[in-house]
Amino acid sequence: AQSVTQLDSQVPVFEEAPVELRCNYSSSVSVYLFWYVQYPNQGLQLLLKYLSGSTLVKGINGFEAEFNKSQTSFHLRKPSVHISDTAEYFCAVRGPGGGFKTIFGAGTRLFVKA
Amino acid sequence: GAGVSQTPSNKVTEKGKYVELRCDPISGHTALYWYRQSLGQGPEFLIYFQGTGAADDSGLPNDRFFAVRPEGSVSTLKIQRTERGDSAVYLCASRAQGQTSTGELFFGEGSRLTVL
């Protein structure tokens, strides 16, 4: 069975500092990997995804993530955060094909301070 | 509509009552998911529809929970004999199918259920 572990429940960081949100997954087959963001009082929206190909994936709002198969990790990074990046970030995994469910991690709350 | 629509946005009910939550997915999306999100937690998978049929209902917690999608579009999540532990935000998401699918889920804003 697939599972996702987000190693940090909360990450406080100062504005313009770099940030890394960690995600590890557990799966016996090839998977698709996603990061979703949930801003306060809004629905989840996709930040970026890894389906295949280049292991470095760039998403919206300056975020990027690197797929590491040997480490079974998909950490999210941003070189310089803004106050507006304050949100909950969820890592998610799905198996290939159309019939598999998407499993989410517990989330990491990013809090950007001025 | 342009996005996934969920109604009601908020529902307060009493323990033991019956509740229905509705989801209207993005037009043309054949895959539809229900998730439950408790405070401070990630979305927890409940059920997945492919067209009209439930392809995977392994996440439904017990037989008080049931979902339908009779025409392959709108879906209704039904909860019987509600309990206080059912209080959560119920999220609906849809996904395109076929070769153009990126696997991305498009979420609604959720229905917040409070059982008193």
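Because the structure is a prediction, the values reported are computed rather than measured. All chains use their own residue numbering, which begins from 1 and follows the written sequence. Each chain takes a letter, starting from A, and each ligand takes a number, starting from 1, following the order in which they are written. Per-residue local features of the predicted model are confined to residues with pLDDT of at least 70, and side-chain atom pairs are confined, for both listing and counting, to 80 or more; whole-chain, interface and lining totals are unaffected and use all residues. Working from all heavy atoms in the structure, the side-chain values ignore hydrogens and water.

Participant: Sorry, what's going on with the interface of chain B and chain A here?
Facilitator: Accessible area lost on assembly of the parts is the figure often given for the size of an interface. Residue-level contacts link 21 residues of chain B with 18 residues of chain A. Two parts placed together each lose some accessible area under a 1.4 Å probe, and adding up what both lose gives the buried area. Taking both partners together, chain B and chain A bury about 1,500 Å²; carbon and sulfur atoms supply 54% of that area. Interface area lost by chain B to chain A is led by Pro43(B), Thr102(B) and Phe107(B), which between them contribute 26%. Any Lys or Arg side-chain nitrogen located within 4 Å of an Asp or Glu carboxyl oxygen qualifies as a salt bridge. Counting every contact that joins chain B to chain A gives one salt bridge. Whenever a nitrogen or oxygen atom comes within 3.5 Å of another N or O atom, the pair is scored as a polar contact, on the condition that within protein one atom can donate a hydrogen and the other can accept it, and that pairs from neighbouring residues in sequence are kept only if both atoms are in side chains. Here chain B is connected to chain A by five residue pairs in polar contact (both at pLDDT 80 or more). Per the convention used, a helix needs a DSSP run of H or I reaching at least four residues, while a strand needs a run of E reaching at least two, with both numbered from the N terminus. Those elements that provide at least two residues to the side of chain B that touches chain A are strand E4 (31–37), strand E5 (44–50) and strand E9 (88–95) of chain B. Ranked by residues supplied to the side of chain B that touches chain A, first place goes to E4(B) with three residues. Ten residues, namely Ala, Val, Leu, Ile, Met, Phe, Trp, Tyr, Cys and Pro, are considered nonpolar, four, namely Asp, Glu, Lys and Arg, are considered charged, and the remaining ones, Gly among them, are considered polar. Here the side of chain B that touches chain A is composed, by residue class, of eight nonpolar, nine polar and four charged. Contact between two residues is taken to exist if any of their heavy atoms lie within 4.5 Å; hydrogens are not considered.

Participant: I keep staring at the sheet that holds strand E7 (residues 65–68) of chain B and nothing clicks. Help me out?
Facilitator: The pairing of strands in a sheet comes from backbone hydrogen bonds and takes either a parallel or an antiparallel form. Residue and element names in this part refer to chain B. The pairing criterion is simple: DSSP has to find at least two bridges between the two strands. Read across the sheet, four strands follow the order E1-E3-E8-E7 without closing on themselves; strand pairing throughout is antiparallel. Single-partner strands in this sheet number two, and they are strand E1 (5–7) and E7. Direction aside, neighbouring strands of the sheet carry axes that sit 15° apart on average. Pairing analysis gives four bridges linking E7 to strand E8 (residues 75–79), with the strands arranged antiparallel. Paired with Phe66 across the bridge in E8 is Lys78. Every axis corresponds to a line fitted to the C-alpha atoms, with the helix fit spanning only the stretch in contact, and the corresponding angles, defined between N-to-C directions, vary from 0 to 180 degrees.

Participant: Is there a simple way to think about unusual backbone geometry in this case?
Facilitator: A negative phi angle is the norm for most residues apart from glycine, just as the trans form is the norm for most peptide bonds. Cis geometry marks the peptide bond from Thr7(B) to Pro8(B); its omega dihedral reads -5°. Positive phi, normally seen in glycine, also occurs at Glu16(A), with a value near 75°. Positionally, Glu16(A) belongs in the loop between strand E2 (10–14) and strand E3 (19–21). Look at Thr72(A): it is not a glycine, yet its phi comes out positive at around 45°.

Participant: What should I look at first to understand the state of the cysteines in this one?
Facilitator: Chemically, a disulfide is nothing more than a covalent bond linking the sulfur atoms of two cysteines. All names here are of chain A. When two cysteine sulfur atoms lie within 2.5 Å, the pair is treated as a disulfide. All chains considered together, the criterion is met by two disulfides over all chains. Across the disulfide from Cys23 sits Cys91; the S-S distance is 2.0 Å. Its torsion about the S-S bond being -65°, the disulfide of Cys23 and Cys91 is classed as left-handed. Of this pair, Cys23 sits in strand E4 (residues 23–26) while Cys91 is found in strand E10 (residues 87–94), placing the two residues 68 residues apart along the sequence.

Participant: In this structure, what is going on with the nonpolar core? I would like to understand it.
Facilitator: If you look at soluble globular proteins, the nonpolar side chains tend to sit buried side by side. Definition used in this section: a nonpolar core is a set of buried Ala, Val, Leu, Ile, Met, Phe, Trp, Tyr and Cys residues joined via side-chain atoms within 4.5 Å. A 1.4 Å probe rolled over the protein chains alone gives each residue an accessible area, and that area as a share of the maximum for its type sets the label: buried under 20%, exposed over 50%, partly exposed in between. Among the nonpolar cores identified, the biggest contains 30 residues, and Leu33(A), Trp35(A), Leu47(A), Leu48(A), Phe74(A), Leu76(A) and Tyr89(A) are the most heavily contacted of them. Here the element with the most residues in this core is E10(A); it accounts for four residues. Leu47(A) has contacts with Trp35(A), Tyr36(A), Val37(A), Gly59(A), Ile60(A), Phe63(A), Leu76(A) and Tyr89(A), leaving out every residue within four places of it along the chain. Val4(B), Leu46(B), Ile47(B) and Val115(B) belong to the second-largest nonpolar core, a separate cluster that totals 20 residues.

These figures come from the coordinates and say nothing about function on their own.
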